[in-house]
Amino acid sequence: MAEAPNTKEKVVVRFPPSPTGFLHVGGARTALFNWLFARHHGGQFLLRLEDTDRERSEDRFVEDILESLRWLGLKWDGEPVFQSRRIERHKEVAAQLVEKGFAYKCDCTPEALDAYRKECQQKKLPYRYPGICRDKKEVRAPYVLRIRVPDDGETRFADMIRGEITIPNKDIEDWVLVRSDGNPTYNFVVVVDDHDMGVTHILRGEDHINNTPKQAMLYEALGYALPKFAHLPMILGSDRTKLSKRHGAASTLEYRKMGYLPEAMVNFLVRLGWSFGDEEVFTVDKLKSVFSVEHIGKANAIFNTEKLDWLNGIYLREKPSQELSDYMQQYFKEELTFAKSVPAASFVEGVKIIQGKVKNIPELIEQLYCLFGEDPDYDLTALKDAEKAPAKQAISDVSALLDASDFSIEDLEKRIRGYADDKGEKFGKIAKAVRFSLTGGKISPGLFEMISVQGKETVQRRMGRALKALG
Ligand code: GLU
């Protein structure tokens, strides 16, 4: 199925997380695929919070999900739908199903069903609810509501990745639509909500593939048009087991804290199951134009943190320094308090000379600290004994030379290179001494850029302190 951009096919997708935990990176991948699919087709990306489990759903998880999507730039259309507020509608549809004979009440006790389950186990038969209450006239509370699955025939649905899938109805049991406490089940409400929200395509994890026949059957019973499905490959850790905390995988916002840029995260996530030739680096704009379900594979995807680091390095290097500074001020304000009194323009310049040399934001901040934080403690073991006296001389001379400098890169270069030439010294040697005085020798952005960024006051003070330390 070719998917040219701006296709006329109407597209409405949804992302329906349960707010019972922080948004996991696997969930973020599902959200991203849906969002890209919608954007590629000029369709809608809807958000639904599946919060019917009132005990486990929490506001802080709702907020975490929304914030994760905002961070990744996955803007949803319209207001989020809260599933728990649709309970009356769910009850109404349940009543319709009973009325039309597609559902029936069942008062089999859990004990009776357990005994039957054991019997099946002993006989090595698959357990399926045997339909005891299908035609019962009198049913006493507490009871559940079950769907009446046709004995014959089959249920089909189209999977955009795996093709047409057909399941014989005899393999599907009369599953529960509404529990005895009145709470509807996921497989029931998901159909009602997706239909009411006009969802046309459902992209979700492969772990849901066994639910889809049940849902497809309900679409049929209710006379709703069946959406198209795409079951996304699972994400595995490097040891090929299901991705979990053990692999260092964390919630989406933890990656923000670890200093990954959203651009890198999006680029990383999209490659978990989707590919486009040999290309690895994609801007969001490019993704919007080339993303298609055709290029989603069937094979499990491997979560490789080294690749994420690599991508993050690329995006850090390429992000305009002003934007990167604003980003850090937004999300790393506390970590940057040491730079509060640094003029904004110098800070941005500082970012500029370091951003291409680090893998993540904490590393960037560490190096900014060397530039703008407290003056370094000079570790004299960084210099060989024989280097100390010449270093002292060089620092003292350069410090004097800089008195008259305007601290422009050109002027600094002229003065310091000129000094090395006059002395007949290698520039590298002078640079090493100066660098030591300005940062304790810990970081290595270009020397003149660094001096210019630090500014006269800091440079002169640090040089003075280094001279003192050198004795
Ligand atoms: N709330 C379900 C989940 O988070 C939604 C699954 C679906 O996309 O239908 O797994």
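See the structure printed just above.
Note that this is a predicted model, so its numbers are computed, not measured.

> Just to check I follow, could you spell out the pattern of salt bridges for this structure?
As a working rule, side chains carrying opposite charge can pair if their charged atoms are close by. Per the counting criterion, the structure on display carries 43 salt bridges. Notably, a salt bridge pairs Glu 279 with Lys 286, separated by 2.8 Å at the nearest N-O pair. According to the relative accessible area criterion, Glu 279 is partly exposed, its value standing at 32%. As a salt-bridge pair, Asp 375 and Arg 465 come within 3.8 Å of each other at their nearest N and O atoms. With a gap of 90 residues between them, Asp 375 in the loop between helix H13 (361-372) and helix H14 (385-402) and Arg 465 in helix H17 (residues 447-470) connect regions that are remote in the sequence. Note on Asp 375: relative accessible area 17%, which makes it buried. On the accessibility criterion, Arg 465 (35% relative accessible area) is partly exposed. The structure contains a network of salt bridges with shared partners spanning Arg 14, Arg 48, Glu 50, Arg 86, Arg 89, Glu 92, Asp 193, Asp 194 and Asp 196.

> When you look at the site of the ligand in this model, what are you seeing that I'm missing?
If you check the shell around the ligand, you find Arg 14, Pro 16, Pro 17, Ser 18, Glu 50, Tyr 186, Val 190, Arg 204 and His 208 and nothing else. Between the ligand and Arg 204, the relevant distance is 2.8 Å, taken from an oxygen atom to a side-chain nitrogen or oxygen of the residue. Grouping the amino acids of the shell around the ligand by side-chain chemistry returns four nonpolar, two polar and three charged.

Conventions adopted
Residues numbered from 1 in each chain as written. Predicted model: local features only at pLDDT ≥ 70, side-chain atom pairs only at ≥ 80, totals over all residues. Heavy atoms only, no water. Salt bridge = Lys/Arg side-chain N within 4 Å of Asp/Glu carboxyl O. Buried < 20%, exposed > 50% of the residue type's maximum accessible area, 1.4 Å probe, protein only. Helix = DSSP H or I, 4+ residues; strand = E, 2+ residues; numbered from the N terminus. Near = heavy atom within 4 Å. Polar contact = N/O pair within 3.5 Å; in protein donor to acceptor, adjacent residues only side chain to side chain. Nonpolar A, V, L, I, M, F, W, Y, C, P; charged D, E, K, R; others polar.

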